[in-house]
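Chain and residue survey
Listed here are the chains, written in short residue letters.
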Amino acid sequence: MRQGRTYLKKNDQVEVITGKDKGRVGKVLRVLHGKDKAVVERINMIKRHTKPQEMNQQGQIVEKEAPIHVSNLQLICPECTKTGRIGKKILDDGTKVRFCKDCGESIESKS
Ligand SMILES: [Zn+2]
C-alpha cells in the first residue's frame, strides 16, 4: 500500500531542513516509497568499508548517500527557488501536478 504522503520525486531539488545536513541543497536521486525516505545527492553521506576482492588488495572506504526521511526535506521551486508552500492540482486530463503557491509554476521535472 502506498501511503501517498511522499510528494517528492526523482530529480527534485530539495533543501534539508533538519539534522546534520540542515540548509544543504541537493537533487533527489531515488524515492523509497512506503518508507517515506529519499536518497539525495551528496546529502546524509555515510562511509562504508568495502572488503578486498583479492588477497593482495586493501579494503576501501567509499562514501555513499544514505536514505533520509522525507520529513527532513523541503521541496524547492525551480522557478522562484523558494521552499515550502507546495500545492497539488488535478489537470483536466486527470494527471496530478505539484505547483508552487508562491509563483504558481508547476514543479514537475521538465527533464
Ligand atoms: Zn515558485
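Structural notes, computed from the coordinates. These figures come from a predicted structure and were not determined experimentally. (Residues numbered from 1 in each chain as written. Predicted model: local features only at pLDDT ≥ 70, side-chain atom pairs only at ≥ 80, totals over all residues. Heavy atoms only, no water.)

1. Considering the coordination of the zinc ion
Counted only if it meets this: Donors, by definition, are the N, O and S atoms found within 2.8 Å of a metal, the threshold being 3.2 Å for Na, K and Ca, and water is not counted, so a site can look incomplete. Geometry assignment treats four donors as tetrahedral when all angles are between 85 and 135 degrees, treats four as square planar and six as octahedral when opposite donors are over 155 degrees apart and all others between 65 and 115, and treats everything else as irregular. Under the scheme applied here, a residue whose accessible area is under 20% of the maximum for its type counts as buried, over 50% as exposed, and between as partly exposed, the area being computed with a 1.4 Å probe on protein chains only.
Within the protein, the zinc ion binds to Cys77 (SG), Cys80 (SG), Cys100 (SG) and Cys103 (SG); these donor distances fall in the range 2.3 to 2.4 Å. The coordination sphere of the zinc ion comprises 4 donor atoms, whose angles at the metal cover 106 to 120°; the geometry is tetrahedral. Mapped onto the polypeptide sequence, the residues donating to the zinc ion form the spacing pattern C-x2-C-x19-C-x2-C. For Cys77, a relative accessible area of 0% translates into the label buried. The class for Cys80 is partly exposed, based on a relative accessible area of 23%.

2. A look at the pairing of strand S3 (residues 37-40)
Selection criterion: By this definition, two strands are paired if DSSP reports at least two bridges between them. In this description a helix means any DSSP run of H or I spanning at least four residues, a strand means any run of E spanning at least two, and both kinds are numbered starting from the N terminus.
Bridge count for strand S2 (residues 25-32) against S3 is 4 bridges, and the pairing is antiparallel. Along S3, the bridge assignment pairs Val31 with Ala38. Here S2 hands over to S3 after 4 residues, with Gly34 in that stretch at a positive phi of 90°. By the bridge criterion, 2 bridges tie S3 to strand S6 (residues 68-69) in an arrangement that is antiparallel. Each residue of the ladder has a partner; that of Ala38, found in S6, is Ile68.

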